[in-house]
Amino acid sequence: MSENPRGEIWKTDDTELVKKLLLENYGYAPELIYEIRGRYHKVYAYKPCDFEVKSTDRQGVYFGRIESDGIRLTIEGSFLIGPKATKNIVELDKERAKRYLAGESVEIDEDIHSWVIVKWGSYYLGSAKAKEGRLINYVPKERRLKLE
């Protein structure tokens, strides 16, 4: 998507917009219902079910966020997309994965300028912005590892 995808919010169906961004950036979009909420353009994802929910504005898991240049996945979002993603996956070695989970930006060999899924072995660690040979870290402070 060449233009700012935030300009499409509330003009396009949320599910259609999120699927389009996922397919463009990661090559895979699961069949879920996506809702974009709030001024920070947070994306929530869920499957419809017959279970009655009293408060319909709280459905779904926090999946990601629409940024000016694409979609940034949460750790949970990367777990849902990662196993079937076909592009923009960066695999880290153990040392860089530990540093990434501690909140540091880490160096990468790939020349990617996009949102990427960060992976170590079979684990999906979240997403980061790849820029100028580095992964800019977005691990929330309360979820970071404490290294000694």
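Everything here concerns the structure above.
Residues numbered from 1 in each chain as written. Predicted model: local features only at pLDDT ≥ 70, side-chain atom pairs only at ≥ 80, totals over all residues. Heavy atoms only, no water.

Participant: Would you mind showing me how to read the pairing of strand S7 (residues 114–120) here?
Facilitator: When a strand is regular, its side chains alternate between the sheet's two faces. Buried residues dominate S7, accounting for 6 of its 7 residues. Pairing of strand S5 (residues 89–91) with S7 involves 3 bridges; the strand directions are parallel. In the strand pairing of S7, Glu-91 is matched with Lys-119. In the sheet, S7 pairs with strand S8 (residues 123–131) via 7 bridges, with the strands oriented antiparallel. The partner of Val-118 across the bridge, within S8, is Gly-126. Where S7 hands over to S8, the hairpin turn is made up of 2 residues, of which Gly-121 adopts a positive phi near 60°. (Buried < 20%, exposed > 50% of the residue type's maximum accessible area, 1.4 Å probe, protein only. Helix = DSSP H or I, 4+ residues; strand = E, 2+ residues; numbered from the N terminus. Pairing = 2+ DSSP bridges.)

Participant: Teacher, can you tell me more about the nonpolar core here?
Facilitator: Proteins that are soluble and globular tend to have nonpolar side chains buried together. By size, the foremost hydrophobic cluster in this structure holds 21 residues, and its most contacted members are Leu-22, Tyr-26, Phe-63 and Ile-71. If you list the elements that add at least two residues to this core, you get helix H1 (14–26), strand S1 (33–37), strand S2 (42–46), strand S3 (61–67), strand S4 (70–73) and S7. Sort the elements by how many residues they give to this core and H1 lands first, with 5 residues. Apart from residues no more than four positions distant in its own chain, Leu-22 is found in contact with Gly-27, Tyr-28, Ala-29, Pro-30, Tyr-34, Phe-63, Ile-71, Leu-73 and Ile-81. Leu-92, Ala-97, Tyr-100 and Ile-112 belong to the second-largest nonpolar core, a separate cluster that totals 14 residues. (Core = buried A, V, L, I, M, F, W, Y, C linked by side-chain atoms within 4.5 Å. Contact = heavy atoms within 4.5 Å.)

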